[in-house]
Structure formats: C-alpha cells, structure tokens
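The lines below spell out each chain.
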Amino acid sequence: MLLDDLNSEQRAAACQTEGAVMIVAGAGSGKTRTLTYRVAHLLECGAKPWEILVLTFTNKAADEMKERIIGLVGKSARYIFMGTFHSVFSKILRLEAEHIGYMPNYSIYSTSDSKSLLKKIIKEHDLDYEHLYKPDKVLGRISKAKSQLITSAEYYFSDLCKLDTADGLKYMADIYREYDTRMKQGNAMDFDDLLLNMYLLLKKSEETRMKYQQRFKYIMVDEYQDTNRAQYIITNMLAAGHGNICVVGDDAQSIYAFRGADINNILDFRKHYEDTHTFKLEKNYRSSGNIVEAANSVIDKNKRQIKKNVWTDNPEGEKIGLVRLSTDREEADFVAMRIRSLTASGDCSLKDIAVLYRRNRQSRSIEESLRLKNIKYLVMNNTSFYERKEVKDALAWLALVVNNRDNQAFERAVSSPKRGIGETTLAKLNAMARERGLSLFDAATNTELLQTAFNYGTIKKLQDFCGIICAYSAKCDEADAFELGSRIIEASGLKDCLRMEKTQDSEDRIANIDELIDSMQSFVEAEREELVNELTGESLDTEDRSLAAFMQQISLVSDTDSTSDEKDYVSLMTIHASKGLEFKHVFIVGMEENIFPSLSALASMQEMEEERRLFYVAMTRAKSSLCLTCACTRYEYGQLTFSEPSRFIRDIDPRFLAGGEEKKKRELPKSETDRKMFPWMKPSQEKKPLPLTSLKHNTLTKKTAEGAADKGPVLAMADMEEGMQVWHDRFGKGVIVSLNRDEKNGRAVVDFEQFGQKTLVLLFAKLRKSN
DNA sequence: AGGTACTTATAGAGT
DNA sequence: ATAAGTACCT
C-alpha cells in the first residue's frame, strides 16, 4: 500500500485531498515525500494527471518531484502540470496571449535586458541614471509594484508612488509607464510580468478563468512561505471554484522576503479558507540530533516565528565543527583538505558533500583549492553560462528570429558579428522607430524610411541583416528548435568569426555555442519522447518543440555550470540555492560579520531575522556532519580586509560545538610577516586554529568607545529606522527600539548592549550607523 | 566604425 | 579583481 511509507501525520496530510490544506513542515520532515505521495494518492483515487497543478519555487524542485512521482505511479505522471510559477504561467500565457494584448511568441527579458532598457529610457529623459535613477533601483521598485499586482497605470495612485516622491524620485511612475509601453511594443515580458499578466488574464476573461479553474482540480503549492502577494492571489483565483488547494511551507525557512515574498500569505491562508485542515510535520528524518538541536537553538533567537518543535530520534552524531583560519585562501585549503580526508576514509563520496556560502563570489577561492587538489566539483550557479558574451549573442539572433519586435535582441544581434552598424546608426534608427511607434526591425525593413536618413551602404547592411532574420522567421512554425536554431546560428556567422581567431579562448567560445546547440537538441528530443508515450493531447507542454518554446524555457531555467563531466563531485552553491537539498557532509564557509549576516542586513531587524533563517536553512541541509569556517582576513574588491566571526556563531548553543581535537592538525601562520599581520595571535595559538568557543566573547563583544573614530557620519533623523544598529559615543552599540520623528521633539528609544534602554533626544544625541 | 588604453564603480540572494 | 564605461586614436 502506497501510503504505508508515511508516518501518521504525513499520511493524514496526504489523504486530505479535498478542501484547503496547509502543511507546516519543519526542515527535513519529509515534506517532498509527503507531497509526492499525496499526488500519487490523488491519482490512485482517480484524478487525472492533467487535473493536478503543482507549483514549486525552483525548477530543480519540480524536476525532482516529477521523477519521484514517476517512480511511484509510472510515466503518466508526465502529464501533471508541474513547474515553477514562472514556467507554468509562461506556458499558459503563450496559449492565451491574445487575451492580454500579446503575441504567443513573446520574449522573456532577463534582468539584464530589463536594466538595459530602463537605462535607455532614463537616459532619454535626461534623468540621472548613475545615482538617483539607477536602473537597478528602478527595476527593483517596478518589480515590487508588480509583485503587488500594481500596474503602471495604477502606480500613479499607489502608496509606492508616494514613497518615491518622498525619496525624490518623482519620475518613477513615468519611467514605469514608459518601460511598460516599450515592453508591450517589443512583445516582451520580464519575470514579474509573467505573474502580473497571469493575474490580469484571469481577471479580465471570465471564460479563461473558468477554463483553468475547471482544468486544475487539485492545486498544490510548495515553499509557500516564499510566495509573494501576486502568487497568493493567483493561486486563490485558480482554486476559487473547487477550493482544493494545498500549501506546504515552513516560516522558519522563509528567505526570499527581499524579493517580495510575504510571510503573511501563510497567516492569511487560514483566514481566507475558513475550514483549513492544518497539519504539522515536526519529526526530522534528515539530520543528527546535534544538528537538529543546534539549528533549533539558532532559530530560537528570532522573535517573529510560529512556534514549532522540530525533533528527531536520529543518533546524536558528531559535534559541529568550527574553525577560524587566517586567510580566505587557507579557509579554502582547509575545506579541500577536510574533503580529502572525508573521502579517503571511504565511507562517503564527493556527491555527499556540499560547500555552502552566502555570496556567489565566494566560490572562487574554494574552486581554486579544489582544483589544486584535483577534487571534482560542480558550481551550481544561475548565471554563468547564459551570461557569456558569445552565448548571449547567439541567443539574441534566436530571440530576434522568434520575435522580430524584440529591440534588445535586435541591437545585440545586429552588431555581433560586426557588420558596420554602430552607435550612430543605431541611435538614428532608434529615434526613427520611436517616432513612428515601430520596432527597430520594422524600421530597418522600411526602405522608404531608411532613405530619409542613411546612405546606400548603411541601408544595404541593415537590409541584408534583416533579410537573414526574415528568412528564418518564416520557418518558425515548421522547423523545430534544434533544426531552426542550429541553422540560424550557422547563418549568423558568429562561429565563423571565432574560428578565424584560432586562440584557446575562441575555441572555448565555440564550444559554448555548441553546448547551446546541444541543449536545443535535447530539448527537442525530450519533447519527442513524451509525444511517443501517450497522445492524449491534453497536456499543454507536450507538443511544443518550437524555437519560441525553447527560448521561453531557457529564460526561466537556471543553469548548472559544469566544470566536470564526472558524476561524482562536490557541490558548491549559495545557501539560497541549497534550499530543499540535503547532504551527508556540509561546510558553511565565510561565517563572518558583514558577509553572513551580510552588511546590508544590519540596518533592520527584519532583514537580520531573514539572515538568521538563512543560517537555519544552511545548517539543516546537513545529515551527519556540519563544519563552519571563517577567516581573519580576505580580499574584497582586491583589497585586504579584516573580519570578525559571525554573530550567528554565538547563536549556537555551545553544547553542540566541537571542542577542537581535530583542529590540532591545522597549522596557523608562523612566518615573521604573518606574525606582524596577525598580532592578536599568541605564539601558543599558532599551533592550532583558534577554537571559536573561547574566542567569540572577547572578539565580538569587546568594543568600546574608542571605535567611534572609524564610525560613519552622524545620522540624520530621516535615515534612522527601527531595528537599526547605531553607535553612540558614550553608550556604544545599540539597536533602535522605537522612534519618534518629530522635528524638534524627536526621540529614539535605543537598547544599548552595555547600558540597556535609553531614551535619547535626537536633536542632541549624535547617533551614528554602527556596523 | 571600431579598437585600445585608462577610469570607475562594484557584488546579496534568483525566477 | 573585474566588468563596464569613457576618452581618445586609427
């Protein structure tokens, strides 16, 4: 019997197929397992695969779950509609495009496409794109609006717009509107548009809404704690007919508030569905007793959370390792060495090991050390492959063929390879096109128009280019992605250019383009296989082998950058990327203030708590061993910087930390120069790394008024906010508890580390930002 | 138009 | 350290 593999609470959750269900699932409590069996159970009870919609947060999670369900119930599970919000919605929007004023072949703009369009708009309006209206910032605000389902037209009247005005960004709304207009003209959507437009589609057309409400009879949402308002509303809309919606989440693992995730969704869920069946999975099957307890002791420090009792009956296991090294290089070497000894003992392979870090760039030093020791590794990174120039160029050609109106793609494709169309020509063409509301492509194919501004040579160049694009666009409906795509890339001449260079670098670039072509081939073949299996015609994603479908898919797929063809490798990834995964042995590196927690989290309590949850996520990835490392110094922006151990280390109950026996093996700097660089190291400590348990108190808390000199300038009232860490020349370090911004009588209650709570008159107190 | 040399800001996470 | 932007040259 299928459900025998579950414990009673898991089984109860899996069997509750009807109505609103909320599963609060602690780390390692068998959440995926429960969801998987729930789907299998639904199918057993007679639901059809295509009536089930499962929304996940990452593609990885979706793929993994699909595989597991296929393992349970067989290949019919392929027809379950399962994927990330973005990929599922992009497929629906492709089918329903005309209802919302789009063409089915719309482009999906990456963040960098969006930013470059914004920059262009901001420049055109003679606004300051370097400081005030930084594309990054502007896109962030637009994204925030969209995640709250505020359209560009509504934005003018929104609270967000008032905030902009307060921040001196009075043209934000205009920029948003212009951006929106251009995106529509270009038949393009950004990531947030996929959600916003899905919402608009359901809202606008009752017929469509009913269609999907009836189609998706059972809806499941994974990682519910990381959904934003838009996702909350849309899933409710889809479930509005039958009310069969099941959400799974853990507030302690909410780590995407920065991207608009709203923890209130979990809380509001039970208000929205009055008779919600709630299940709590608290038994941890993953980690050793020590790890579970240590992680609990950390998350306990957060104030805002739903109380949970995560427990395990796994053996206590090893204590958590803690090592401080002198430099980031040594930290990396240490990790590599430990990995060596883990695998040498024979009870684990590289696949069982992960190195986690807060920021992508930290992978560098780790990679170097691993390479040096010949340890195979794989960096799970979202960008690297598709951000490479040659890949972007090739993709621009493909994008332009699929969607002629894609101006970003036009600009990139027309100038790579170089064909004598430069800045000047493009500027003129841009102006011309905008004046008439045409796309660059349409302008460039309009001979009469061109003759008003360009000489014969330029016109010829433009039209030759457009001719190639046109020829392939005409074949979009007949040829599949691989067939068409590989021909376009050949015709682009990109590879020919590289071939002529004949350098190692150009060889690599060609290989990258070939890899892209390979991925088109496997896209086409994967789809083909599905077609052969069953022909119900009911599943939305079985038939589409077109280049347009390929382009939309890869825009939403994060890439795993392969540095190794081996199957056995150490995994390197950010903590964010590690969510949902587990490893026998986990290293968390860079456990340092200003890295983890990150510098920008210091300002608010909310962000600090999110960082702590992130640490909780990191710790709970480990099954049997966990090792934390930090360095005294590291290079940042090419400059040597000094670090203190992370405050999160203090959050761990010392009972679960290792004493330091294995650390004796490590040697610390002994040379004369090193001694000068690390004056705080006493000779006796040089024999072994500093045990952090003893170190943390003196390093972290010893900080008195003498540090004031290196503090920042005195804060203005407007720059203060509750939860902010501040420095007072007399009372030292503290946190703002409450704030009254009255101009003359403004006061702040500050909780000082060493002096307790004080009320300060802001007019006189010189508060500085503390780090 | 396009290449090269110099300057500057920069990186927090990812669909 | 490095990518991106600018100034200047061919």
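The structure reproduced in this document is the subject of the present report. Here the structure is a predicted model, which means the values were calculated and not measured.

On to the pattern of salt bridges, then. Inspection of the entire model under this criterion finds 46 salt bridges. Its salt-bridge partner being Asp159, residue Lys162 comes within 3.4 Å of it at the nearest N-O pair. Here Asp159 and Lys162 lie together in helix H8 (residues 159–166), a separation of three residues that amounts to about one turn. Note on accessibility: Lys162 and Asp159 belong to one class, exposed. For the salt bridge of Glu178 with Arg182, the shortest nitrogen-to-oxygen distance reads 2.9 Å. A residue pair is termed a helical-turn pair when its members lie 3 or 4 positions apart in one helix, as Glu178 and Arg182 do in helix H9 (residues 172–185) at four residues. Overall, the relative accessible area of 13% leaves Arg182 in the buried class. Among the charged side chains, a salt-bridge network with shared partners connects Lys31, Asp222, Glu223, Asp226 and Lys579.

Looking now at the sheet that holds strand S7 (residues 245–249). The sheet built from six strands is open, its strands ordered S3-S2-S6-S7-S1-S8 with parallel pairing. The sheet terminates laterally at strand S3 (81–84) and strand S8 (277–281), the two strands that pair on one side only. For this sheet, the mean angle separating the axes of adjacent strands, direction not counted, is 15 degrees. Examined bridge by bridge, strand S2 (residues 52–56) and strand S6 (residues 218–221) share four bridges and lie parallel to one another. Paired with Ile52 across the strands is Tyr218, a residue of S6. Against the sheet, helix H1 (residues 8–15) engages strand S1 (20–25) and S8, with an angle of about 150 degrees to S8. Sitting on the sheet, helix H3 (residues 59–73) touches S2 and S3, and the angle it makes with S3 is about 155 degrees.

On to the pairing of strand S15 (residues 622–636). With 12 of 15 residues buried, S15 lies mostly within the body of the structure. Summarising the sheet, strand S9 (residues 321–327) and S15 pair through six bridges and their orientation is parallel. Residue pairing across strands places Arg324 opposite Cys630, the latter belonging to S15. Here strand S14 (residues 583–588) pairs with S15 via five bridges, running parallel.

The next point concerns the side chain of Gln408. Structurally, the position occupied by Gln408 is in helix H19 (residues 407–414). For Gln408, a relative accessible area of 15% translates into the label buried. Leaving out residues up to four positions away in the same chain, Gln408 has contacts with Tyr109, Asp113, Ser116, Leu117 and Lys120.

What follows covers the protein's contact with DNA strand B. In the vicinity of DNA strand B there are 31 residues, among which Asn360, Arg361, Thr424, Thr425 and Thr574 approach most closely. Expressed as a percentage, the sugar and phosphate content of the atoms of DNA strand B within 4 Å of the protein is 51%. Between Asn360 and DNA strand B, the recorded distance is 2.6 Å, taken from a backbone N or O atom to a phosphate oxygen. Contacts to DNA strand B include Glu611, whose side-chain N or O atom sits 2.9 Å from a base nitrogen. Among the secondary structure elements, those contributing two or more residues to the surface near DNA strand B are helix H20 (423–436), helix H28 (575–578) and helix H29 (605–619). Take the surface near DNA strand B: its biggest share by element is three residues, from H20. For the surface near DNA strand B, the per-class residue count stands at seven nonpolar, 14 polar and 10 charged.

Looking now at helix H24 (residues 481–492). Taking 1.5 Å of rise per residue, the 12 residues of H24 would be expected to cover 16 Å, and the 16 Å separating its terminal C-alpha atoms lies within 8% of that figure. Buried within H24 we find Ala481, Leu484, Gly485, Ser486, Ile488, Ile489 and Ser492. With a side-chain oxygen lying 3.0 Å from the backbone nitrogen of Phe482, the N-terminal cap of H24 falls on Asp480.

Let us look at the environment of Ile122. By secondary structure assignment, the location of Ile122 is in helix H5 (residues 111–124). Judged by its relative accessible area of 0%, Ile122 falls in the buried class.

Below, the discussion takes up helix H13 (residues 264–272). Within the span of H13, buried status applies to Asn265, Ile266, Asp268 and Phe269. Next to the buried residues of H13 lie S1, helix H12 (229–239) and S7.

Next up on the list: the packing of aromatic side chains. By the definition in use, this model includes 16 aromatic pairs. Between Phe81 and Phe216 the ring centres are 5.5 Å apart and the planes differ by 40 degrees, which places this aromatic pair in the tilted class. Linking Phe81 in strand S3 with Phe216 in the loop between helix H11 (206–215) and S6, this pair joins segments that are 135 residues apart in sequence. Seen from their ring centres, Phe523 and Phe550 are 5.3 Å apart, and the 70 degrees between their planes marks the pair as edge-to-face. Of this pair, Phe523 sits in helix H26 (residues 504–533) while Phe550 is found in helix H27 (residues 547–556), placing the two residues 27 residues apart along the sequence. Each member of the pair Phe523 and Phe550 is classed as buried. Among the aromatic residues, ring-to-ring pairing joins Phe57, Tyr256 and Phe258 into one connected group. The lysine or arginine in question, Arg215, covers the ring of Phe81, its NZ or CZ lying 5.5 Å from the ring centre.

A few words now on the state of the cysteines. Where two cysteines share a covalent bond between their sulfur atoms, that bond is called a disulfide. In the structure shown here, the tally under the stated rule is zero disulfides. No disulfide involves Cys15; its sulfur sits 7.7 Å from that of Cys45, the nearest cysteine. A disulfide-free cysteine, Cys246 has its sulfur positioned 12 Å from the sulfur of Cys15, the nearest such atom. Taking relative accessible area as the criterion, Cys246 reaches 0% and is therefore assigned buried.

Every residue lining DNA strand C is accounted for by Lys119, Tyr129, Arg364, Tyr637 and Gly638. The sugar-phosphate portion of DNA strand C accounts for 54% of its atoms within 4 Å of the protein, the bases making up the rest. One of the side-chain N or O atoms of Arg364 is found 2.6 Å from a phosphate oxygen in DNA strand C. When the residues that make up the surface near DNA strand C are grouped by side-chain class, the tally is two nonpolar, one polar and two charged.

Reading the values: the criteria
Residues numbered from 1 in each chain as written. Chains lettered and ligands numbered in written order. Predicted model: local features only at pLDDT ≥ 70, side-chain atom pairs only at ≥ 80, totals over all residues. Heavy atoms only, no water. Salt bridge = Lys/Arg side-chain N within 4 Å of Asp/Glu carboxyl O. Helix = DSSP H or I, 4+ residues; strand = E, 2+ residues; numbered from the N terminus. Buried < 20%, exposed > 50% of the residue type's maximum accessible area, 1.4 Å probe, protein only. Pairing = 2+ DSSP bridges. Axes fitted to C-alpha atoms, helices over the stretch in contact; angles between N-to-C directions. Contact = heavy atoms within 4.5 Å. Near = heavy atom within 4 Å. Polar contact = N/O pair within 3.5 Å; in protein donor to acceptor, adjacent residues only side chain to side chain. Nonpolar A, V, L, I, M, F, W, Y, C, P; charged D, E, K, R; others polar. Expected span 1.5 Å × (residues − 1). Phe/Tyr/Trp six-rings, centres within 6.5 Å; stacked < 30°, edge-to-face > 60°. Lys NZ or Arg CZ within 6 Å of the ring centre and 35° of its normal. Disulfide = S-S within 2.5 Å.

None of the figures reported here should be taken as evidence of function without further support.
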